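Listed below are the residues making up each chain.
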Amino acid sequence: MTVISVVLGQVFHQLDELLPASSVPLDDLLAVALLLYFGVNTLRDAATADFRAAEEKEEADEVVTSLSSSGAAAATATLVASTFSLVFAAEWGDKSFLATIALAAASDPAGVIFGAVTGHGLATGIAVAGGSLLSRYISERTAQYIGGSLFLVFAAATIFDILTGAHGG
């Protein structure tokens, strides 16, 4: 998914290169707009995070209960297939997918791939290994406030790069 995002970002970057010469880096400005949008929306979502988390936990418990009633091997295969499908579908078009496209349009693709894969891997590892433990200390609301703030920091960094001429164009 990360590589697909970076490829799409590079397509946008190349489209920007095909447009008549301009001192305005359209791909970087698109990246800023998306990062600002995601930052503001994530901060807004933080207000209802606790309610949505309880709702999602209830749905997940129902799925786990229905899977555990079948045989062990079949349940494992079903769990792996459904997890893959759910994650793939959830990632397609989500904030991290679109943010990766935006970053790849404005930055070095190798760096974006490395950063995105590392970030996704770390986030998935935390979610799988420590989600339950972490949720005792940090609420989903707090995590969303941190995430939204990071989107805004990345937008500010991209604006800084544009203004200083350090953008990837």
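The model shown is predicted, which means the values in this text are computed figures rather than measured ones. (Residues numbered from 1 in each chain as written. Predicted model: local features only at pLDDT ≥ 70, side-chain atom pairs only at ≥ 80, totals over all residues. Heavy atoms only, no water.)

Remarks on the overall build of the protein chain
Definition in use: Only DSSP runs of H or I reaching four residues or more are called helices, and only runs of E reaching two or more are called strands; each is numbered from the N terminus. What makes two residues a contact is simply this: any of their non-hydrogen atoms within 4.5 Å. For accessible areas, the Shrake-Rupley method is used with a probe of radius 1.4 Å. Any residue's cover is judged against the shown protein chains and nothing else.
On a plain count of helices and strands, the protein chain comes out with 7 helices and 0 strands. In the protein chain, the succession of helices and strands from N to C terminus is α-α-α-α-α-α-α. The contacts in the protein chain between residues at least 6 apart in sequence include a share of 85% that link residues at least 24 apart. When the accessible area of the protein chain is evaluated, it comes to approximately 10600 Å², of which 72% is carbon and sulfur surface.

Focus on the nonpolar core
Stated precisely, the cut-off is as follows: For the purposes of this section, nonpolar cores are sets of buried Ala, Val, Leu, Ile, Met, Phe, Trp, Tyr and Cys residues that join through side-chain atoms within 4.5 Å. Burial status follows relative accessibility: with a 1.4 Å probe on protein chains alone, a residue under 20% of its type maximum counts as buried, one over 50% as exposed, and anything between as partly exposed.
Listed in full, the 5 residues of the largest apolar core are Leu35, Phe38, Ala99, Phe151 and Ala155. Where this core is concerned, the elements lending two or more residues are α2 (26-45) and α7 (140-164). Leave out the neighbours within four places in its chain, and Phe38 touches Lys95, Leu98, Ala99 and Phe151.

A closer look at the side chain of Thr158
Relative to the assigned elements, Thr158 resides in helix α7. Taking relative accessible area as the criterion, Thr158 reaches 10% and is therefore assigned buried. Once residues lying within four places of it in the same chain are set aside, the contact partners of Thr158 are Asp28, Val32 and Leu35.

What to know about the side chain of Thr42
Let me state the cut-off plainly: Two N or O atoms count as a polar contact when they lie within 3.5 Å, although within protein this holds only if one can serve as hydrogen donor and the other as acceptor, and sequence-adjacent residues are included solely when both atoms are side-chain atoms.
Relative to the helices and strands, Thr42 resides in helix α2. Side-chain polar atoms of Thr42 contact the backbone oxygen of Phe38, separated by 2.7 Å. Residues within four places of Thr42 in sequence aside, it is in contact with Lys95, Gln144, Gly147, Gly148 and Phe151.

As for a nonpolar patch on the surface
The line we're drawing: Exposure above 30% relative accessible area and the lack of any salt bridge qualify a residue for a patch; like charges then connect within 9 Å, and the nonpolar side chains Val, Leu, Ile, Met, Phe, Trp and Tyr within 5 Å. Each salt bridge in this description consists of a side-chain nitrogen of Lys or Arg and a carboxyl oxygen of Asp or Glu lying within 4 Å of one another.
A cluster of nonpolar side chains, contributed by Val3, Ile4, Val7, Leu8, Val11, Phe12, Leu15, Leu18, Leu30, Phe84 and Phe88, occupies part of the molecular surface with about 1000 Å² of accessible area. Elements with a minimum of two residues in the nonpolar patch: α1 (2-18) and α4 (72-91). When residues of the nonpolar patch are assigned to their parent elements, the largest contribution, 8 residues, is made by α1. Relative to the helices and strands, Val7 resides in helix α1.

Here we look at the packing of aromatic side chains
Rules: By convention, a stacked pair of Phe, Tyr or Trp rings (six-membered ring in the case of Trp) has centres within 6.5 Å and planes under 30 degrees apart, an edge-to-face pair has planes over 60 apart, and any other such pair is tilted.
The full count for this structure, using the stated rule, is 2 aromatic pairs. Each ring, one from Phe38 and one from Phe151, has its centre 5.6 Å from the other, and the planes form 55 degrees; the classification is tilted. Of this pair, Phe38 sits in helix α2 while Phe151 sits in helix α7, and the two are 113 residues apart along the sequence. Ring pairing ties together the aromatic residues Tyr37, Phe38 and Phe151, which thus form one cluster.

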